[in-house]
Every structure is written in structure tokens, then in C-alpha cells.
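Single-letter residue listing:
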Amino acid sequence: MSKLTNCLLKKDPSCRPVWFMRQAGRYLPEFREIRQKNKDFIKLCLNSNLSSEITLQPIQRFNLDAAIIFSDILMVPYGLGQEVKFIKDEGPILSPFNLEIFKKNNFDKFKDKLNPIYEAIKLTRKNLDKQKSLIGFIGAPWTLIVYMFGLKKNKEELDLNILKQKEEEIRETINLLIEYLCLHIELQFKAGAEVIQIFDSWAGLIPEAKLSDYCFEPNKKIVQFCKNNKIPVICFPRNLNKNYLKFADIVKPDCLSLDYKIDPTWAKENLKNYCLQGGMDPKILFEKEDIIFKEVDKYLTIFKDRPYIFNLGHGLLPQTNPDVLQKVIERVNNFK
Ligand code: CP3
């Protein structure tokens, strides 16, 4: 069993797996080199050889316990017929959503469109050490809806008027999305991804009264699907604050990934029966070495007697220095 699955399933506190969200990304010069020659991000995600090569880049450089397949949560809306464009410094833009067209999808069409992702997973699994895990992932329904319906007014705020107007359409879309997300999980798992992470990056934007419909229940259904199929699953309901507790009680994933606004001591005391992951602010990596190490040690000490996966409270930022990351990984691996 790999260190990561041992921690997730056996809840063994003695192993201390480490990996990072966005570990294959723009902070690596070798990624930027490939990216520069491949301007179309979706096409790059659908190039199985390059996707696999990028997935393995951080593994070649660092002593990490897991690789995460190079793809994107927006490949699912793409697979379901929406156009997805990544505009520099603006983020992703999707073509207008149309429920009637969306309903015309079927599993075979979806599978064919996203087949290169599953091929990339097969290829990566072949070239990855047996002791290392390969992580597949999805975006949770709500987080995908935010992009599919263009719900954001700006970086931090939702357009609550659209949210109210489209309530019925959103409900129907979430239910359909769950079916395709479970299929996407199953196909990633069958191709060789042995752990799944569910990113609910915009969970923190949901009005309290809608948390159950938009966050807890959809995540619960997908986690239940994973459990029924014996697929280990990590949930990342970002910025839920104290509602992490409610999320944990209702959704019951194998592991909860913490964002950097969660106090780790609070998490340790309140999320008692869970394997936990991450938490440290990615911006700490811009500080001086002694400050970084102090923060790394803080997380490792708090979670010393718990099943804990070292990671950050969100993805690595593009300005991160890979040599600093190298030192952090050594620190984690040598921690006694
Ligand atoms: O290394 C890994 O973590 C695996 C690959 C991965 C990517 N995106 C590659 C990527 C994963 C797991 C994701 C998840 C993802 N994508 C999320 C959830 C995690 C989070 O960050 O909250 C979200 C919300 C998206 C949607 C998305 N994709 C956005 C908002 C952006 C643009 C902003 C940005 O960071 O550039 C992307 C593009 C994207 N996805 C990049 C990468 C490496 C950057 C693309 C580039 O090179 O320009």
C-alpha cells in the first residue's frame, strides 16, 4: 500500500505523505516551457503524452508521495459541450449555458470526448513508482456551476440575482452533473487513479440557507458513490469556516483538506475522526526560510498523532520558488 492510501484508509499516523495542489504548474520552468509551445490549455489537457509528462515533472524533481493528473475541473463542462477558454490574468470563460443542449449529452459521447484524460492516467500509472499514488479529481457540482453559469460578480462575490433567478435550472443541472461526475471518477479510477480529490473551491460563497442543496448533499452523493466503489476520497470544501464540521458529519469523506483560514488546532480538536490534509497558507512560501520552517513544523506538530497528509491550504502560486519547495519537502520527510 502506498503512503497516501495507508494514511487515508488505515489511518496510520506514522506515515506522513506529502504532495501539493497545483504541483504541476507555472512555478516550474519545465512546465512553462511546454505551456509556451501549447497555447490552447484544453488541447494541452487532451494531449495524453504531454499531460502525462507534465504530471510527472514534479515527481522527477521532488520526493513526493503522489502525482495528481494534469487536467482541469473544467474539462467536465467541456466534455458536456460548453466551450471553455482560459484568458490570461482573467481566468476561465465558458460559453453561455443552455440546459436543453446540456440534456442532450450521453455517457458514450462524454467518455469519447474525455478519453485522452483516461489514456494519460494509464500512461502515467505505468511510469510512476508503485509506492507513489496517482490522484484523479473532479470539481464539485457547485464549483462547476459557478463557472458554467458565470455566477461570479468578481473574485470574491456572487451575483445573487442570477442565483435566485436560476434556482430551478441550477437544481436540475446539479443532479445531472452528479451522474457525469461519478462517471468521470469511475473512468479515472479504472484507468489507474487510486485516490480522488473533490475540489469545492467556491463552497465558501454559498448563502447559508443553500449550503445543504448546493454543497453538502451533492458532495455526499458523490462520496457515497466513491465509498460504494471502494475509491478513497478527499474533499476540499474551501472557505466553509466552522461549517467544515457540518460538512464532515454529513458528507463523511475519507479525508478533509483544510484551507488556510482554518485554525489547525481547531481542526484537530473538532474534526477528530478524520484524516486531515493541508492547511498551510501557500503565501508562507514567499517568506524567509526560518519563518517557513516554523510554520511547516507547526502543522506537523499539531497533527503529529493524527493521520495527516502534508499539503497547503490552496494551490501552489506561480511565483513559488521550486528550490524553496524542495526544502519544505525535505523538512516534512525528515520530521521526527
Ligand atoms: O497540479 C495539479 O493540481 C493538477 C492539475 C489541476 C489544474 N487545475 C491545472 C491548471 C487541478 C487539480 C486544477 C483544479 C482547478 N481548476 C480548480 C480547483 C482548485 C482551485 O484552484 O481552487 C479550479 C477552480 C480550476 C479552474 C481553473 N483552471 C482556474 C480558475 C484557472 C485559472 C487560474 C490559474 O490558476 O491560472 C485554471 C487554469 C489552470 N489549471 C492552470 C493549471 C496548471 C494554469 C494554466 C496556465 O498555465 O495558464
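What you see is a predicted model; the values in this text were computed from it and never measured.

The rules we used
Residues numbered from 1 in each chain as written. Predicted model: local features only at pLDDT ≥ 70, side-chain atom pairs only at ≥ 80, totals over all residues. Heavy atoms only, no water. Buried < 20%, exposed > 50% of the residue type's maximum accessible area, 1.4 Å probe, protein only. Helix = DSSP H or I, 4+ residues; strand = E, 2+ residues; numbered from the N terminus. Pairing = 2+ DSSP bridges. Right-handed = clockwise from strand over helix to strand, strands pointing away. Expected span 1.5 Å × (residues − 1). Bend = angle between axes of the 7 residues up to and from the residue. Contact = heavy atoms within 4.5 Å.

(A) The pairing of strand E5 (residues 195–200), seen in detail. In terms of burial, E5 is a largely internal element, six of the six residues being buried. Across the two faces of E5 the burial is the same, with Val 195, Gln 197 and Phe 199 and Ile 196, Ile 198 and Asp 200 all buried. Relative to strand E6 (residues 233–237), E5 is paired through five bridges, and the arrangement is parallel. From the neighbouring strand, Ile 198 faces E6, where its bridge partner is Cys 235. With respect to chirality, the unit in which E5 leads through helix H11 (residues 211–228) into the neighbouring parallel E6 is right-handed.

(B) Looking closely at helix H4 (residues 48–61). Its 14 residues give H4 an end-to-end C-alpha distance of 21 Å, which sits within 8% of 20 Å, the value for a rise of 1.5 Å per residue. Along H4, the largest kink reaches about 25 degrees and is centred on Thr 55; proline Pro 58 follows within four residues of it. Taking burial as the measure, the 14 residues of H4 include ten buried ones, the bulk of the element. Burial in H4 covers these residues: Ser 48, Leu 50, Ser 51, Ser 52, Ile 54, Thr 55, Leu 56, Gln 57, Pro 58 and Ile 59. Looking at the buried side of H4, the elements it contacts are helix H2 (29–37), helix H3 (41–45), strand E1 (66–68), helix H7 (107–127) and strand E4 (133–139).

(C) Quick peek at unusual backbone geometry. The phi dihedral of Arg 22 falls on the positive side, at around 60 degrees, and the residue is not glycine. Of note, Arg 22 is situated in the loop between helix H1 (3–10) and H2. Phi is positive for Asn 241, close to 50 degrees, though the residue is something other than glycine. Along the polypeptide, Asn 241 turns up in the loop between E6 and helix H12 (243–251).

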